[in-house]
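So the chains spell out like this:
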Amino acid sequence: MTNQEHEPLPDEERREFSAETGSLWRLTLTPLTWAMHLVLCYATISLACARQLFPVEVARLGLIGASVLALGFICWQGWRAVRQWNVLTTGVLTHPNGKAEDRHRFLGHAATLIAVISAIGTVYTTLPLLLLEGCR
Amino acid sequence: MIFRKPTPIRRPAPEGPYPPTRAMLDEPVPERLRAVQAARLRKAWESPKGWRYWSAVNNTEVGKWYTVTAFFFMLCAGLLALLIRLQLAVPENELVPADRFNQLFTMHGSAMMFLFAVPIFEAISILLLPGLLGARDIPFPRLSAFGYWCFLIGGVFVLGSVLFDAAPRAGWFMYPPLATEDEGPGSDIWLLGLSFIEVASIAAAVELIVGVLKCRPPGMRVNLMPLYAWYVLVVGGMILFAFPPLIAGDFLFELERSFDWPFFDPERGGDPMLWQHLFWIFGHPEVYIVFLPSIAIAAMIVPTVAQRPILGYSWIVLSAVGTGFLSFGLWVHHMYTTGLPAMSLGFFSAASEAVVIPTGVQIFAFLATLIAGRIRMILPMLWIAGALAIFTAGGLTGIMLALAPFDFQAHDTYFIVAHLHYTLFGGMVLPVIAGIYYFYPFITKKMLSERLGRRAFWLIFIGFNITFLPMHYTGLMGMPRRVFTYPEGLGWEIPNLISSLGAAVIAAGFAVFLWDLIRSKGDQPQIERNPWNAGTLEWAHDVPEENWGMRSIPHVTTRYPLWDTPGFLDRVDTGRFYLPDAPEGRRETLVTSVIDAEPVLVQRVNTPTWITHLAAIFAGGAFIFPTFHLYTPAIVSGLLAVAAILWWLWTSTAWPPEADSKDAGLGLRLPIYVSGPDSVGWWAVWITMLGDATAFASLTFGFFFYWTAQPDFPPSEALHAGAGTVGLACAGFAAGWALTVAARQMNRHACVGMARAGLALAALATAGGIAAMIVAVRPLDPTSHVYPAVIWALAVWICAHAATGIIMQLYCLAGSLFGKLTPRYDADLWNISLFWHFFMLSALVACALMGPAARML
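Residues numbered from 1 in each chain as written. Chains lettered and ligands numbered in written order. Predicted model: local features only at pLDDT ≥ 70, side-chain atom pairs only at ≥ 80, totals over all residues. Heavy atoms only, no water.

(A) Helix α4 (residues 98–132) of chain B, seen in detail. Residues and elements named next belong to chain B. Relative to the 51 Å expected for 35 residues at 1.5 Å per residue, α4 spans 48 Å between its end C-alpha atoms, a close match to the ideal helical length. The sharpest bend along α4 measures roughly 35 degrees and falls at Pro119. Of all the 35 residues making up α4, 30 are buried; the element is thus mostly covered by neighbouring parts of the structure. Gly134 sits one or two positions beyond α4 and adopts a positive phi of about 60 degrees. (Helix = DSSP H or I, 4+ residues; strand = E, 2+ residues; numbered from the N terminus. Expected span 1.5 Å × (residues − 1). Bend = angle between axes of the 7 residues up to and from the residue. Buried < 20%, exposed > 50% of the residue type's maximum accessible area, 1.4 Å probe, protein only.)

Take a look at the structure:
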């Protein structure tokens, strides 16, 4: 790449990043986890309460377990995203420039933030599981 | 012959230096060459003249028609609202009879949502997106023209019904059994007319997503995209997942209305709740589908006002993506009073509160940008400021309503009416008007009046609050929605009268705005090219107007090229960037890679035509005739629509070009024809099929919904679809799929004869699959119970898709025979294989449901 639109970043990894074709999908990984967790909660409680396939208390405890798994996955993805953002070593928060490295870190930054909101959403969904009981 | 190791055909790749160096960009273009190039470019992009003007497909024309039409429908729906307010101004009013009143509020809501809010997003995006991305046009101009004509026909049909006292009257969410039992064509007009428009919406979503992903200027990596493009991407994705459930719901609903298949009839095992789920899985994301693009306009205006780059770009991306996702977890908050378990309500209440976070983040990002910048208070900002104030107020009542216990009290009262109008006016109407003021010079090369704009703003802003603020109180006093009148002495008279007076003030504001839009501006001096001093690409437009969109397609290295890159405009204008010429006289734009926008292809885009009109008229017939139970004309019309679309595709898409590659400028040679994932057509199929798969998933959701909600589904003594024949159908479809994919590989390796044989056999196998499926379900009576009705609905869905698959196979076979499809030029085969992958998956699921699953559950 010959474009030199800005000074090199403090610790620029002087290598090319591949096109990261999958990374737009990666952005959606954590909110998808939130969504699947929500659907799982809703479907399981319906199956317990409307279809009475299993006791609701079992469903509730199982879903709390699922929440822990979902949160664990989101945190792991979030941590990977923080590493990609690389803010801890560079201290550079924003990436408005036109190099492959800027794009790479920007995607890390966006994925970090999206992981945070997905984690908050998952915690919110878990609250009724912790606070309520039964099929009323 | 199959086993011979074949040699793949060589396919050209981009050749030449990229990215361009400073020295290359600084090299001057000789004056004479510039003039010649500009003349050729102008000729290629010339608009048709006279009555042929209406055959135009260019995004600037189609976008303008689309915007004006949506705006016209909005004014009509506004008039209906004025009638509603007139009727409710005083108690026991006899101005509008109850039935008319039902039609008025149903049409007001339906038209505002389906004929204004969603279409205006598509309209504005079609108009702006190529400008924002420095593209010449959107990738499928004829598709957007087709979408527009569908929208016009469907909209006039649906809205026109109100003039004949035949409009839908069961509320904009058409709850069964009220809507299923309703006599007269009203509900059918709603279902069929709006389904027709939804198809157009999905077409626009496909177009816009592909536009954002593949038609960005070289160098515009994802971190440099204008925020509007991010929002378009998110909203396009949302449309793909939100509209199909409604289309599936409409499909079931219309089968019940027309053929008495009891999907929503509890006496025969149906369940009206299924409609509520399908409607609101669409309905709530819909609110964000109209909100996000409008707030995207704010995201374009705010940096210009602050005269600095946006603060928190990544945060706004988070906000768009996060809101897009979370908005799908809210639908049950419209159903709090339907008796679901408290825990289930809790999940959706929690999600409804969580969505506040990303929604708030973007507003704070805007405020931070304004605080950090040097504000130049331009008129569009006034509208944005008003919008943010009103939207925040609506958001606060939203937080209240997301709490189930509060909602139990306020449900179906005027409090809801107040809340939803605060969010929609603040989140949609005012930002869109701000956008019209801001982008008017870009669209028409004229300016709107500052003075009239301020007057319109204050009238609408004050009138809005006079109308809707008291409604909170009226609602808390217990006034239900949708009553056509109310008795004296309940304390509702004064707030209702105030609301009605306020409505008149809003109307006055819109009258001023309308006058500003339509008054003659012929005597206005030529406007500045960049009147607001904005930094984004669209302001590199040409004044006076040129049809080519961009004189040359720039190489972009920053988010605000007009602010940051010295000499940028000059390079665009002199044709120093890509595609400065049209030597073959063809309309062309640049296709780039998804993440980093590296040049991939010179895309030939289509020219004015009447075939889109014919296709839209016939497709309209296929939807409109069934409203009056005229099924034969509907089928004929549908077949003609298919024929028109095939003609359109055959004559103007994916023909082998005159050369493999061409000079794209700056020393870069790019292919003219690619197939598979590099091509825009493949992406369009991919995205369309994602929406199609969502609709199919909604149908299977219906199957499992009945199973969950009912103790006896499938009924224990029920007749099932024949196991052997379902297996046979599955085998037929699987063979159709395998042979299609094999044909693609054969063709790619120059085994043309084998490929043709494969396609022919594939069509035969698929036809066999259809026949087997019909035999499998024939003994079942779909009117007797919801179980056979669901099985039939699945069979109809699968067979219709299989028939489409056969058409595709035969189309490619014909293409191969007539030299349209060759081993080198095989985009059609790639695209239909993609359709077949998706279809195979849904056929497998359907056969599994009809065969083993139905017997085991």
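(B) Spotlight on the state of the cysteines. All names here are of chain A. Across all of its chains, the model carries 1 disulfide over all chains by this definition. One disulfide bridge connects Cys49 with Cys135, the sulfur atoms lying 1.9 Å from each other. Note on the Cys49 and Cys135 pair: the S-S dihedral is about -85 degrees, so by sign convention the disulfide is left-handed. With Cys49 in helix α2 (residues 29–49) and Cys135 in the segment after α5 (100–131), the pair connects residues that are 86 residues apart, well separated along the chain. For Cys135, a relative accessible area of 35% puts it in the partly exposed group. (Disulfide = S-S within 2.5 Å.)

(C) Representation of the interface of chain B and chain A within the structure. Contact with chain B, which involves 48 residues of that partner, is made by 53 residues of chain A. Taking both sides of the interface into account, the surface hidden between chain B and chain A amounts to around 4,300 Å²; carbon and sulfur atoms contribute 75%. Of all residues in chain B, Phe325(B), Met343(B) and Phe347(B) bury the most surface against chain A, accounting for 18% of the area lost on that side. For the pair chain B and chain A, the number of links is 1 salt bridge. In this structure, Asp596(B) engages Arg103(A) in a salt bridge whose closest nitrogen and oxygen atoms are separated by 2.5 Å. One can count 11 residue pairs in polar contact (both at pLDDT 80 or more) joining chain B with chain A. Those elements that provide at least two residues to the side of chain B that touches chain A are α10 (313–326), α11 (342–354), α12 (356–372) and α22 (680–709) of chain B. The biggest single contributor to the side of chain B that touches chain A is α11(B), with 10 residues. (Contact = heavy atoms within 4.5 Å. Buried area = accessible area lost by both parts, 1.4 Å probe. Salt bridge = Lys/Arg side-chain N within 4 Å of Asp/Glu carboxyl O. Polar contact = N/O pair within 3.5 Å; in protein donor to acceptor, adjacent residues only side chain to side chain.)

(D) View of the packing of aromatic side chains. The full count for this structure, using the stated rule, is 86 aromatic pairs over all chains. Between Phe106(A) and Trp230(B), the aromatic rings sit 6.1 Å apart at their centres with planes inclined by 55 degrees, giving tilted as the arrangement. Taken together, the positions of Phe106(A) in helix α5 and Trp230(B) in helix α8 (residues 227–259) put the pair across two chains. Judged by its relative accessible area of 3%, Trp230(B) falls in the buried class. When the centroid spacing of 6.2 Å and the interplanar angle of 5 degrees are considered together, the rings of Phe439(B) and Trp539(B) count as stacked. (Phe/Tyr/Trp six-rings, centres within 6.5 Å; stacked < 30°, edge-to-face > 60°.)

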